[in-house]
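Letter by letter, the chains look like this.
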Amino acid sequence: MSDRWTISLGRIAIVLALFALWETLSRFGVVNSRLLPSASDTFGTLADLLQRSSVRSDLAVTATEVLTAFALAVPFGGLIGFLIAENRYFADVVKPLLFFAFSIPKSIFLPMFILVFGVGFSQKVGFGFFSTIFIVIMSTATAVESVRVEYLTVARSYGATRAQTAWRVYLPSMLPVLLEALRISMIFNLTGVILAEMYASRDGIGHQIASWGENFQMKQLLAGVVMVAAIAIAFNEIIRWVETRCSHWRT
Amino acid sequence: MKASTLRWLIVSILIALWEILPRAGLIPELFLPPLSVTLIAGFADAGEYGQALLVTLYEVGLSMLFACGGGILLGAVIGSLPRPRVLIMPMVSSLYAVPLVILYPVFTVWLGIGPESKIAFASIYGFLPTMLATAAGIQTIDPQLLLAARSMGATLSQRLVRVILPAAIPTVLSGLRVGGALVIVGVVVSEMLISSAGIGYLISRYRTILDSPHVFAGVLLVLAMAVAFNAAIRWIERKCAIWQTGTRGAQAAADDISGAIQPAT
């Protein structure tokens, strides 16, 4: 227990030291404070930005896009992933193709989404879906494959129904891997949507950050970066926390 | 039908559809120009694309040097020291959740819209995953090898050169693959966002004037680059296969890592 305390104290110390370094570099003029406003100024701006209704509505727009893309990509990708894991022939046909699609950079297809959907909500959701779906497929397939055959045999020989097998065997053994999959898909999804917003958009937090950058508004830009980073890290940590809660189920 | 035959059939049907559907007018040519039109557009402006490719390759090369060099070095150091590893690795992997694209505007303000900002951004973009993969892979080195070396009185430098480095080759290669793919993405994305040269810039410029054959020619060029990079890494992997310590566990672990941490977008 004391070990864990030292570790978290050490981490907090590292983070604080980084912020202190940022603050001193800018305060004492080591770097131009117009290029790197100090940490305290940035956090002040951040608090100010969060009060503004325009920034709030940008955040809401981005959140809607991210959640819609996620809600579309997860069931669809999950279904294909399940098919790959359960059907050998289908897997043999599709898997190399998916590996290929997985390894190529998705972002170069962004102009295509603009040509097809125009600039708007569906373009971002489409691109978010496109950049998430492959990772969902791959990780669902891994999750289903992580179910042990012995458990299935035991369940079947004791006469478990399909629903019972799904609920009592598949779900508990897949849950930790699935949560991990959700976490990673969310990272991809968020990156996809924000990139799409930065590339061509009228609203959304990514668009705001890009335009602050173009107008050399360093305080707002850095505050935006800190804000998005904090949201992403917070989401990641929550899922990780649930993951460790569920890990006693891990087979 | 054999699975691979069906797969090739699917691929050739897709390519044929790319030609047929736009020609038949089922998909507007603005959305998807026929393959032949795309290729002709690409070859007609081969000089322009070649110059853009040179710019992009220069940026990719330099960033790869920074990202993979730094990532592999730091990953190896942190991965082999237990205390910093426990302290820092979880922090680095939480940092991995941040969509790094948002840093690009910061780099353009600091470094301008020339190649410097792209190199800085792509280096950071590729750095974290390379470091994570290397640090995770270093731990898969069979501790018995180290124990044997130590009990026969190998010095630290001997252990590093004779044991750790050869055993780490597969890990380093998978780090290189992940990092390299990300560096290509990073450079092209940053060129697409704000830039004045490179393939990403060409794609964006032709997109704004709705010249889709030229857009798709650029996309194909980037795809070719990514595929060529993958093939090159494969080739090196095969060449180095004799160096692998032969534990299937290590190879599987290396595969796991490169599977878990993959090119974002």
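Residues numbered from 1 in each chain as written. Chains lettered and ligands numbered in written order. Predicted model: local features only at pLDDT ≥ 70, side-chain atom pairs only at ≥ 80, totals over all residues. Heavy atoms only, no water.

All right, on to the environment of B:Leu221 then. Residue and element names in this part refer to chain B. Among the structural elements, Leu221 can be located in helix α10 (residues 212-239). When its relative accessible area of 24% is taken as the criterion, Leu221 is described as partly exposed. Spatially, the C-alpha atom of Leu221 lies 26 Å from that of Ile102, the residues being 119 residues apart in sequence. When residues no more than four places from it in sequence are discounted, the contact partners of Leu221 are Tyr49, Leu53 and Ile199. (Helix = DSSP H or I, 4+ residues; strand = E, 2+ residues; numbered from the N terminus. Buried < 20%, exposed > 50% of the residue type's maximum accessible area, 1.4 Å probe, protein only. Contact = heavy atoms within 4.5 Å.)

What follows is about the packing of aromatic side chains. Geometrically, a pair of aromatic rings is defined through the distance of the ring centres and the angle of the planes. Residue and element names in this part refer to chain A. Enumeration according to the criterion identifies 13 aromatic pairs over all chains in this entry. Relative to Phe43, the ring of Phe19 lies with its centre 5.4 Å away and its plane at 65°, an arrangement referred to as edge-to-face. Here Phe19, found in helix α1 (residues 2-27), pairs with Phe43, found in helix α2 (residues 39-51); they are 24 residues apart in sequence, far enough to count as distant. Judged by relative accessible area, Phe19 falls into the partly exposed class, the value being 31%. (Phe/Tyr/Trp six-rings, centres within 6.5 Å; stacked < 30°, edge-to-face > 60°.)

Glancing now at the domain arrangement of chain A. Residues and elements named next belong to chain A. By domain assignment, chain A separates into domain 1 (1-33) and domain 2 (37-249). Centre-to-centre, using C-alpha coordinates, domain 1 lies 30 Å away from domain 2. Of the residues lining the interface, six residues belong to domain 1; the matching set on domain 2 comes to nine residues. Both faces considered, domain 1 and domain 2 share a buried interface measuring about 570 Å² in area, 58% of it formed by carbon and sulfur atoms. The interface formed by domain 1 and domain 2 contains one salt bridge. Between Arg27 and Asp41 there is a salt bridge, and its shortest N-O distance comes to 4.0 Å. Across the contact surface, domain 1 and domain 2 share five residue pairs in polar contact (both at pLDDT 80 or more). The residue makeup of the side of domain 1 that touches domain 2, split by class, is two nonpolar, two polar and two charged. (Domains from an automatic or database assignment. Buried area = accessible area lost by both parts, 1.4 Å probe. Salt bridge = Lys/Arg side-chain N within 4 Å of Asp/Glu carboxyl O. Polar contact = N/O pair within 3.5 Å; in protein donor to acceptor, adjacent residues only side chain to side chain. Nonpolar A, V, L, I, M, F, W, Y, C, P; charged D, E, K, R; others polar.)

This paragraph deals with empty space enclosed by the protein. Under the counting rule described, the total for this entry stands at four cavities of 30 Å³ or more. Within this model, the second largest cavity holds a volume of roughly 50 Å³. Lining the second largest cavity we find 10 residues, and of these A:Ser103, A:Pro105, B:Ala181, B:Ile184 and B:Ala226 sit closest to its centre. Of all the secondary-structure elements, those providing two or more residues to the lining of the second largest cavity are α8 (156-193) and α10 of chain B. Residue composition of the lining of the second largest cavity, by class: eight nonpolar, two polar and no charged. (1 Å grid on protein atoms, 1.4 Å probe; cavity = no way out; pocket = protein on both sides within 12 Å on 5 of 7 lines; lining within 4 Å. Points joined across faces, edges and corners; volume = space filled by probe spheres on them.)

This paragraph deals with the domain arrangement of chain B. Where the parts come together, the accessible area they lose is often given as the size of the interface. Residues and elements named next belong to chain B. The domain boundaries assigned to chain B delineate domain 1 (1-32) and domain 2 (35-260). Contacts between the two partners involve eight residues from domain 1, matched on the other side by eight residues from domain 2. The largest per-residue losses of area from domain 1 upon contact with domain 2 belong to Trp18, Glu19 and Leu30, which jointly make up 65% of the total buried on that side. Here domain 1 is connected to domain 2 by zero salt bridges. Taken together, the links from domain 1 to domain 2 amount to three residue pairs in polar contact (both at pLDDT 80 or more). Looking at the side of domain 1 that touches domain 2 residue by residue, the classes come out as five nonpolar, no polar and three charged.

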